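# Architecture at a glance
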Amino acid sequence: MTIAMIGTWRMAETGITPAMAELRAGGSAGDALVTAIKAVEDYPYYQSVGYGGLPNAAGVVETDAAYMDGDTFRLGAIAGARDIANPIAVAQALSQEPANNLLVGTGATEYASTHGFQLKNMLTERAGQKWEQKRQELASKNLNPYDGHDTVGMVALDAQGRMTVGTSTSGLFMKRTGRVGDSPLPGAGYYVDSTIGGAAATGMGEDLMKASLSYETVRLMGTGLSASEALRQAVYPFIDRLTKIGQHPREFSYVALRQDGDWGIATNVEFTFAVAQDDGATQIYIAQPNGDQPDIQPVTAEWLAADKARRQAPLA
């Protein structure tokens with residue numbers, strides 16, 4: 001039986017590598033998924049997820065996350081939450097509740113506090129400095145405040161054929177307090193069915209939530225399409241439709257994994273992602289938009305070194 005994981009952005013590799021070790025040892029897709037996303041949430045140099053995530057306009061880090069089980073369709077999610085060290089773990093716990101599966105704001109933090117989850121201030125010194133730089137730029141220049149919104153979304157497949165999907169993000173940099181994107185919304189930000197496969201989204205949430213393209217991708221895979229073809233038929237026609245009605249679609253990127261281990265991506269921007277299967281090493285790829293057939297190439301060692309240096313470089 002195939003085991004596999006796929007995740008959005010270069011940061012997914014940080015979690016997929018240890019999570020795949022769990023899967024190879026017989027671990028479940030659910031536990032592996034949480035292991036993987038927690039690793040990304042805990043790394044302070046990924047500025048769009050978890051600890052070190054970029055704050056909202058008030059200088060506060062608010063997080064969204066979701067977890068879904070493809071065997072039972074149970075799901076849990078939080079949105080606009082504060083001070084939760086590992087939002088994905090809380091989302092997984094909420095998926096086991098008989099009701100109250102999506103909690104927002106103080107309700108999410110209260111649940112985490114009363115159920116033994118770690119709370120901490122998610123704003124790092126570095127993220128605070130970037131916020132102050134942006135605040136000063138906005139005061140002196142006519143700039144778009146909204147930049148930085150890369151969700152980590154992952155799909156996992158274990159040796160028993162069980163599948164899970166999860167997302168985690170600090171959302172849009174300089175967003176209004178309480179703003180929520182697509183990441184905690186089932187069907188839009190994520191969806192999984194263990195008999196078919198799963199999909200997850202990243203990009204501009206205000207556009208991604210306009211259609212349930214993660215669900216549509218899974219549905220199309222269920223008709224026998226490959227992951228790549230399902231994404232091609234689900235994602236690009238909707239981007240074209242938004243363009244035709246003058247909505248100027250922004251960033252759309254998706255990953256998908258079928259129950260047999262076949263994977264695919266769709267994107268209209270430069271997009272990195274990570275994939276691992278069976279006994280192979282985790283591979284990071286970079287995709288360039290090219291109509292509905294993105295150009296996908298493995299990243300080089302030089303690219304990885306430059307990316308790490310850029311993330312950890314002192315702020316100007």
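Predicted model, so just to flag it, every value in this text is computed and none were measured. (Residues numbered from 1 in each chain as written. Predicted model: local features only at pLDDT ≥ 70, side-chain atom pairs only at ≥ 80, totals over all residues. Heavy atoms only, no water.)

### Here we look at the pattern of salt bridges
This model, assessed by the stated rule, comprises 17 salt bridges. The partner of Asp-307 in a salt bridge is Arg-10, with the nearest N and O atoms 3.4 Å apart. Of this pair, Asp-307 sits in helix H9 (residues 301-312) while Arg-10 sits in the loop between strand E1 (4-8) and helix H1 (12-24), and the two are 297 residues apart along the sequence. For Asp-307, a relative accessible area of 6% translates into the label buried. Judged by relative accessible area, which is 14%, Arg-10 ranks as buried. (Salt bridge = Lys/Arg side-chain N within 4 Å of Asp/Glu carboxyl O. Helix = DSSP H or I, 4+ residues; strand = E, 2+ residues; numbered from the N terminus. Buried < 20%, exposed > 50% of the residue type's maximum accessible area, 1.4 Å probe, protein only.)

### Concerning the confidence of the model for the protein chain
Model confidence for the protein chain is summarised by a mean pLDDT of 95, while 97% of its residues fall at 70 or above. Within the protein chain, helix H5 (residues 125-140) has the poorest average pLDDT of any element, 87, and strand E7 (residues 190-193) the best, 99. (pLDDT = per-residue confidence, 0-100.)

### Here's the deal with the sheet that holds strand E13 (residues 295-298)
Within a sheet, adjacent strands bond to each other through the backbone by hydrogen bonds, running parallel or antiparallel. Spatially, the 9 strands line up as an open sheet ordered E4-E3-E2-E6-E5-E1-E11-E12-E13, and their pairing is mixed. In this open sheet, the two strands that pair with only one neighbour each are strand E4 (102-104) and E13. The sheet shows a mean angle of 15 degrees between the axes of neighbouring strands, taken without regard to direction. As judged from the 5 bridges shared by strand E11 (residues 271-277) and strand E12 (residues 283-288), these two strands associate in the antiparallel manner. The residue bridging Thr-272 from the neighbouring strand is Ile-286, located in E12. (Pairing = 2+ DSSP bridges. Axes fitted to C-alpha atoms, helices over the stretch in contact; angles between N-to-C directions.)

### Remarks on the environment of Val-180
Along the chain, Val-180 falls in the loop between strand E6 (163-169) and E7. Residue Val-180 is classed as partly exposed on the basis of its relative accessible area of 30%. Considering only alpha carbons, one finds Val-180 and Val-90, 90 residues apart in sequence, at a separation of 17 Å. Apart from residues lying up to four places away in sequence, Val-180 is in contact with Asp-64, Ala-79, Gly-80 and Met-209. (Contact = heavy atoms within 4.5 Å.)

### Digging into the pairing of strand E2 (residues 63-69)
The buried fraction of E2 amounts to 7 of the 7 residues, a majority that puts the element mostly inside the structure. The alternating pattern of E2 places Thr-63, Ala-65, Tyr-67 and Asp-69 on one face and Asp-64, Ala-66 and Met-68 on the opposite face, and all of these are buried. Across 5 bridges, E2 lies against strand E3 (residues 75-81) in antiparallel orientation. Along E3, the bridge assignment pairs Thr-63 with Ala-81.

### Digging into the packing of helix H2 (residues 29-42) against helix H3 (residues 87-94)
The interhelical angle for the contact between H2 and H3, taken along N-to-C directions, is 150 degrees, at an axis separation of 8 Å. When the interaxial angle is binned, H2 and H3 end up roughly antiparallel. Taking contact as the criterion, the partners of Gly-30, Asp-31, Val-34, Ile-37, Lys-38 and Glu-41 in H2 are, on H3, Pro-87, Ile-88, Ala-89 and Gln-92. For the contact of H2 with H3, the class distribution of residues is 5 nonpolar, 2 polar and 3 charged. (Parallel < 35°, antiparallel > 145°, perpendicular 65-115°, else oblique. Nonpolar A, V, L, I, M, F, W, Y, C, P; charged D, E, K, R; others polar.)

### Comments concerning the nonpolar core
By size, the foremost hydrophobic cluster in this structure holds 83 residues, and its most contacted members are Met-5, Met-154 and Phe-273. In terms of nonpolar packing, the next biggest core, distinct from the first, is built from 5 residues, Leu-54, Ala-127, Trp-131 and Phe-173 among them. (Core = buried A, V, L, I, M, F, W, Y, C linked by side-chain atoms within 4.5 Å.)

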